Amino acid sequence: MLPGLDTILRAALRHGLNVDKLLETFSDQTAEFGTYEDEGNLAHYYSFSHHLALYQKRAGRTEEALEQVLQAVRLAHRSGNDSYFTRSLALFELLRDWATAEQVREVQRMIKER
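Keep in mind the model is a prediction, meaning the values are calculated, not measured.

Rules and cut-offs
- Residues numbered from 1 in each chain as written.
- Predicted model: local features only at pLDDT ≥ 70, side-chain atom pairs only at ≥ 80, totals over all residues.
- Heavy atoms only, no water.
- Helix = DSSP H or I, 4+ residues; strand = E, 2+ residues; numbered from the N terminus.
- Expected span 1.5 Å × (residues − 1).
- Buried < 20%, exposed > 50% of the residue type's maximum accessible area, 1.4 Å probe, protein only.
- Arc of directions from axis to C-beta.
- Phe/Tyr/Trp six-rings, centres within 6.5 Å; stacked < 30°, edge-to-face > 60°.
- Lys NZ or Arg CZ within 6 Å of the ring centre and 35° of its normal.
- Axes fitted to C-alpha atoms, helices over the stretch in contact; angles between N-to-C directions.
- Parallel < 35°, antiparallel > 145°, perpendicular 65-115°, else oblique.
- Left-handed = near helix turned anticlockwise from the far one by under 90°.
- Contact = heavy atoms within 4.5 Å.
- Nonpolar A, V, L, I, M, F, W, Y, C, P; charged D, E, K, R; others polar.
- Polar contact = N/O pair within 3.5 Å; in protein donor to acceptor, adjacent residues only side chain to side chain.

### Brief notes about helix H1 (residues 2-15)
Alright, step 1. An ideal rise of 1.5 Å per residue puts 20 Å on 14 residues; H1 measures up with 20 Å between its terminal C-alpha atoms.
Alright, step 2. Taken residue by residue, H1 has Leu2, Leu5, Asp6, Leu9 and Ala12 as its buried positions. In an axial view of H1, the angular spread of the buried residues amounts to 120°, which keeps them on one side of the axis. In H1, the exposed positions angled more than 90 degrees off the buried face are occupied by Arg14 and His15.
Alright, step 3. Looking one or two residues beyond H1, the residue adopting positive phi is glycine 16, at roughly 70°.

Here it is as structure tokens:
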């Protein structure tokens, strides 16, 4: 399911589609994705979180976008994936003006730990 939802998000971003109802329909299942631990599912979950953050940003929902990008940063940090971490930080920087001081401190702490 996760790769399919990620593909839908990428299509929505590319073509300006609204997939809010679809995301709401699967919200219970997507909440469970963060518990995955195997490398394949982590990669899909990271990609999904990243694209969902972009989707929320495009929709003007910066708070939701920030939460998604923070999930991606946390996941990349926890898994030690430098590529995902760098990519997530770039997206966080686009949203930094809307971040709380606590969110900024959390990201700075993760950067220092690397």
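On we go from here.
### So, the packing of aromatic side chains
Alright, step 1. With the rule as written, the count across this model stands at one aromatic pair.
Alright, step 2. A cation over a ring is seen here: arginine 114 above phenylalanine 85, with NZ or CZ 4.2 Å from the ring centre.

### Focus: helix H7 (residues 101-113)
Alright, step 1. Here H7 contains 13 residues, and its C-alpha end-to-end distance of 18 Å stays within 8% of the 18 Å for a straight helix at 1.5 Å per residue.
Alright, step 2. For H7, the complete set of buried residues consists of Gln103, Val104, Glu106, Val107 and Met110. For H7, the angular spread of buried residues about the axis comes to 160°, placing them on one side. Facing away from the buried side of H7 by more than 90 degrees, the exposed set consists of Glu102, Arg105 and Lys112.

### Remarks on the packing of helix H6 (residues 82-95) against H7
Alright, step 1. For the pair H6 and H7, the least separation of the axes is 12 Å and the interaxial angle reads 155°. Taken together, H6 and H7 sit at an angle that is classed as roughly antiparallel. As for how H6 packs across H7, the hand of that crossing is left-handed. Mapping the contact onto sequence places Phe85, Leu89 and Phe92 in H6 and Gln103, Val104, Val107, Met110 and Ile111 in H7.
Alright, step 2. Here the contact of H6 with H7 is composed, by residue class, of seven nonpolar, one polar and no charged.

### Describing the side chain of aspartate 6
Alright, step 1. Relative to the helices and strands, aspartate 6 resides in helix H1.
Alright, step 2. Within polar-contact distance, the side chain of aspartate 6 engages the backbone nitrogen of phenylalanine 48 at 3.5 Å.
Alright, step 3. Beyond its immediate chain neighbours, meaning those up to four positions away, aspartate 6 contacts Ser47, Phe48 and His51.

### Description of the environment of alanine 76
Alright, step 1. Inspection of the secondary structure puts alanine 76 in helix H5 (residues 62-79).
Alright, step 2. Each C-alpha atom of the pair alanine 76 and leucine 89 lies 9.9 Å from the other, and the pair is 13 residues apart in sequence.
Alright, step 3. Sequence-distant contacts of alanine 76, that is, excluding residues within four places in its chain, are made with Asn81, Tyr84, Phe85 and Arg114.

### Overview of the environment of glutamate 63
Alright, step 1. For glutamate 63, the position within the fold is in helix H5.
Alright, step 2. In this structure the C-alpha to C-alpha distance between glutamate 63 and leucine 5, which are 58 residues apart in sequence, comes to 21 Å.

None of this, on its own, says anything about what the molecule does.
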